[in-house]
Every structure is written in C-alpha cells, then in structure tokens.
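Residue-level listing of the chains:
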Amino acid sequence: MTLPEIRSYLKKHKIDAYFLPRNNMFLEEDILEEENLIMSLSGFSGSAASLIITPEKTYLFTDGRYELQSKMETDAKEVEVICSSADFPLLWLQNHFENGKFSLMYNPWTISAETIVKFTEMFPKAKLLCDEKNIFGSKQSSKKAHVFALSEEYTGISAEEKISEIIPIIKHNGCDAYLLTSANEVSWLMNLRSDALPDSPILRAFALIKKDGSVTLFADNTDNADVLPMKKLEKNLKEIKKGKLGVNKKNMPQMICEIFGEKNLKDIGDIIRAKQITKNEVELQGYIEAHKQDAVAMIKFLYWLDNNYKGKTELDIVSKVDGYRAENDMFICKSFDTIAATGSNGAIVHYHPSENTNKTLERSSVLLLDSGGHYQNGTTDITRTIALGIAKQKVIDANTIVLKSHIALANTVFPKGTTGLALDAICRKELWKENMDFKHGTGHGVGFILNVHEAPRISTQAQSSHFYENMVTSIEPGYYKENDFGIRIENLYYTKECENSGLLKLEVLTLVPLDKRLINKYLLNEEETKWVNEYHQKVLETMSPYLDNRHKEWLEDACAPL
C-alpha cells in the first residue's frame, strides 16, 4: 500500500491514526532493506524512525543524527519530519489529540508491551486497534539464514554455563519459564550467530528458557534443524499457560500478551543484559586482538589513501577499506554499513554514499570515515577524519576542539556506577566553550560479535546507563557544519579499575593514528599534547611488528610527536 492508499483506508474505516515503527518482531534489532516499510513508504533510510499516519497527513519521527538526511530523502509535501527523542510520538499524540479521545491502529508484533502500557496510562480514553489483517504485508524476509556457533576459545564461557547462571533468577521470581525476546541476548546466551543481517551477525530468534534448564529456540528461515519455526511458539507457550511466564516487557512484542494473556505473565525485566555487557577476560582479550587485526587494515588503507585519493570517490573509499578488512582470515563481516563522507556530505551524520550522492574526493577537503568489523574474536568501530591535501584552517581548528573533547573523556577517572549522562557532559564541555555541539550520542557499548551498538550509552539521554568494570564503550564527539564539512573522532575503550583508588579509568582499544595534519597543536594544553604523543607511541610500538617496511615507515611518520 502507498501512503495515499493507507490514508484512504484509515478514512474509510474511521481510524484516527496508524503507528508504524521501523522494526519487525525483533524490536531492538536492525532490519533488512526489503523489510523496511518506512523506507518504501517515505523514502527515509535512517535507522531511527517511526511513522504516524492520519487520514490527512503522514509524520516521520527520527532523531538529531538524521535531521539533514531525513529532509533530503522525503517529500515535504507528503511527509512532515519531526526530529526529537524516542518517546516523542506519544507526546505528539497527546498534543495532536487534545481531548485524548482517538483511535490508533498498530501491529502487535512490532510494538513492545511496555509501550502499550505507557499508551494506556497516557490515553485512558483512546481506543487501541490491533492490525489483525496486517495491512502493510509481511515485515520479515524469507531469506534463509545460516546459523553458526562461536568457539568457546573466544566466548570464554559455554552456553550451558550462561544458562545455569540465569536459572536461579527465574526460580527466585517464581516463574516456570522465561521468554527471551531480544535476538541480541539470545545470540549471546546460546553462543550462536547467523548471517541473517549483513552487518550484525545475530541470530534472529526467541528463546523459551524453562526452570529445569532446557531451552527451545524459535525463528523462521534458518538452516538449523534444532530451531523451531516461529509458528510453534504459541503451542509451546500454551503448554505452560497454567504456570508463570517471566518476560521483559521493554523488548517483548505486545503480541505475546495477546497469545499468553496478562494473568500469568510476570515482568521480571532484563535478566541477561548486565551479564552480556560486562565482558569476561577472554572476551576482553578478544577485543584487544581484534583491534590489532583491524588496525592493520586501517593503516594499509590510510597509506593507500595518502597516495591515491585524487580522482577517487566515496564509493571507492568504501570498497577499499572494506576490502582491506576482508583480507583477514578472522573477519566475519562489517559491523555496520561503512560511512565515507567528503566535503558537505560529512555534515550528514549517518551518511552512506550511493550512486546518486557519490562525491569525488577534493583536495583541501576532509574525509569522514566511520567503519568497523566483526572478527571471530571481537568487534571494532572506528571513526577518523582525514585531510585530503592541506585542509582549511577553520577545519583544522574545529577538528582540534573535537579532539580536546575526546581527550577530556578519555583521560577521566570516575567512580563505579557513574551515569552516561555525567560522562557525556565531561566530553561536550570543551565544545560548549566554543559554542559548538553535536546531535548524537557521545558513546555506546559495543557487543561481542553482536550489535555494534548496545548498552551502556553515553548521551544526554543516558540517565539510566551506569558504568562498571570490564565494559566496552566508544568515545565519538563530533562537529558538523551544514553544507560545508563534518568531523568525528572515535576510539573504543574498556573500563578498568585503577590500582589504588578503586575508581574506573578508560583503557584504549583502537590502535590507529589520528591525522596530525588536522591538529592545531597550539590549541592543545600540555596534558592534551602528552595524551596525543603517548597514544601515538602506543600505536607505533604495538602495530609495527604486524606491518611490512613501507607501512611501518608511514606509521612512524604518522605517529611522530607533535
């Protein structure tokens, strides 16, 4: 159906609005292009999106990362773009229907039970309508996924051990079973991955974990005979319907409430995530080794770029950097779709080049390159802003302020339990001094061969994210000048206890030089200069043994003291 057809349908059936989120039944996961109904309806391709369609108009909700991109990709006559927080669609409904009396249709597979609870609390007079006919059609691809197991050599702990740790939690809450609906957490728990998504090797499945320790997986379109088709989930749930089923309503589709009924459901929250985001020693060592492998690819790429950028395009850059990573035998896939943006395209925070937007690299411009990989022993995510020839002074100065912001957080020592909100302010302070800012998070957790974005978060919205030992996070401040240029500097770090104080510090994982051509050393203080020089010394000492002579010589120059 097209947007005009949907509006006609709503008008005909006297429905005030339809709420369409971007996701399918795996609520916190990415989706395939053919599953992206929002893109097919509105043209918007960003990863954060939802639509509210009324008989008169269509509204697209996204966040600040996509402020420019959303307006470029949509027709303003057809779609009104609203950039705000994740909760804003509910606030918009509150403002749009002032009396709170309206009807809203939705697909119960694509909205969490927690969202429905919030909705009914905010709008007691409103009428919720389940889209039983699924008027938009299927939201899951029929493409068959290959399922594979990760070696315990890299996971550090078996699936059986992980399951044994959560069974007492299920029993303590008086539950007979727990339905795990986060595909990311299912993949971690079972040490299983798949190629269902091109840049995130998760197994898109639900897991029914019984208190006796048995686990049944449910997923469609896999090559694993032990994974039952999703249509058998209802039958398996009914077998325990007289018992108590533990769930996490935050990421559980409302459809489970429709199938199982509310009476015997118990919301015991997320019993996996805290264990998943706290990396064990084997996983941490894997991240360290994966970052060495990734640095080899990035150093080769940077050497190539210095000598070959003239006449090359953004798509050439994507192909080249992806190709260097793929040379490694441990490489599984990219950790996200590579961002390569030059000139004004760099101001579009999550820009991905296409045949229609592809720019040729220009001398005296900069390249913003955000890329990463999943390896058998860990996951990487790195952003470098790179000079193409001699950059303009305004760009050099802006890059240096962003670097100062990055260093401010990288050098911070903080108590266990510190929130991502507090860390965010530490990072932004240097930018704020210059009346500069950026409209995305400062950092995110990085999954172990899972989603590259996970908890904990560092952002203005991260009041509930708390940092403890052995967590992996990015630090990635930026600055974006519309129609001109974009800058972002991203390294990954893990939290480590300080020897004497018991406080936490950040230990760097990323081992790729910063572009010194974009650093105005006169804007750095003594401590910041020391940080840059010590970081480059670590990169040089760690990576030199892995490089041939020409790449080693390049690295020696790139890492020379300021």
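See the structure printed just above.
The present account deals with the structure reproduced in this document. Because the structure is predicted, anything quoted here is derived from the model rather than measured.

Some points on the overall build of the protein
So, point 1. Counting its regular elements, the protein contains 17 helices and 26 strands.
So, point 2. Radius of gyration (C-alpha) of the protein: 24 Å, near the 24 Å computed for a compact globule of 562 residues.
So, point 3. Based on the C-alpha atoms only, the size of the protein along its principal axes is roughly 70 × 55 × 45 Å.
So, point 4. Expressed as a percentage of the 562 residues in the protein, the buried residues total 58%.
So, point 5. Partitioning the contacts of the protein with sequence separation of at least 6, the portion at a separation of at least 24 is 69%.

A few points about the packing of aromatic side chains
To describe a pair of aromatic rings, you give the distance between the ring centres and the angle between the ring planes.
So, point 1. Inspection of the entire model under this criterion finds 15 aromatic pairs.
So, point 2. On the numbers, 5.5 Å between centres and 85 degrees between planes, the contact of Phe44 with Tyr66 is edge-to-face. Taken as a pair, Phe44 in the loop between helix H2 (37-42) and strand E2 (50-53) and Tyr66 in the loop between strand E3 (58-62) and helix H3 (67-73) lie far apart in primary sequence, 22 residues in all. In this structure, Phe44 and Tyr66 share a single accessibility class: buried.
So, point 3. Centroid distance Tyr287 to Phe448: 5.6 Å. Interplanar angle 65 degrees. Geometry classified as edge-to-face. Of this pair, Tyr287 sits in helix H12 (residues 281-308) while Phe448 is found in the loop between strand E20 (443-445) and strand E21 (454-458), placing the two residues 161 residues apart along the sequence. Both residues of the pair, Tyr287 and Phe448, belong to the buried class.

Re the pairing of strand E10 (residues 206-210)
So, point 1. Taken across its five residues, E10 has four buried, putting it largely inside the fold.
So, point 2. Sheet topology places E10 next to strand E11 (residues 215-218); four bridges connect them, and they run antiparallel. Note on E11: the bridge partner recorded for Ala207 is Leu217.
So, point 3. Where E10 folds back onto E11 in an antiparallel hairpin, the turn is made up of four residues, including Gly213, whose phi is positive at roughly 95 degrees.

Looking at the environment of Val472
So, point 1. Within the secondary structure layout, Val472 lies in strand E22 (residues 472-475).
So, point 2. When its relative accessible area of 1% is taken as the criterion, Val472 is described as buried.
So, point 3. Taking the C-alpha atoms as reference points, Val472 and Thr278, separated by 194 residues in sequence, lie 8.0 Å from one another.
So, point 4. Each residue touching Val472, except ones within four places of it in the same chain, is listed here: Lys279, Leu284, Tyr287, His444, Gly445, Val446, Tyr493, Tyr494 and Leu509.

Side note on the sheet that holds strand E15 (residues 339-342)
So, point 1. Taken together, three strands build an open sheet; the order of strands is E15-E16-E19 and the sheet is antiparallel. Lying at the two open borders of the sheet, with one neighbouring strand each, are E15 and strand E19 (382-388). Between one strand and the next, the sheet's axes are offset by a mean angle of 15 degrees, whatever the strand orientation.
So, point 2. Strands in contact with H12 are strand E16 (365-371) and E19; relative to E19, the strand with the most contacts, it is inclined by about 15 degrees.

How each quantity is defined
- Residues numbered from 1 in each chain as written.
- Predicted model: local features only at pLDDT ≥ 70, side-chain atom pairs only at ≥ 80, totals over all residues.
- Heavy atoms only, no water.
- Helix = DSSP H or I, 4+ residues; strand = E, 2+ residues; numbered from the N terminus.
- Rg over C-alpha atoms; globule rule 2.2 N^0.38 Å.
- Buried < 20%, exposed > 50% of the residue type's maximum accessible area, 1.4 Å probe, protein only.
- Contact = heavy atoms within 4.5 Å.
- Phe/Tyr/Trp six-rings, centres within 6.5 Å; stacked < 30°, edge-to-face > 60°.
- Pairing = 2+ DSSP bridges.
- Axes fitted to C-alpha atoms, helices over the stretch in contact; angles between N-to-C directions.

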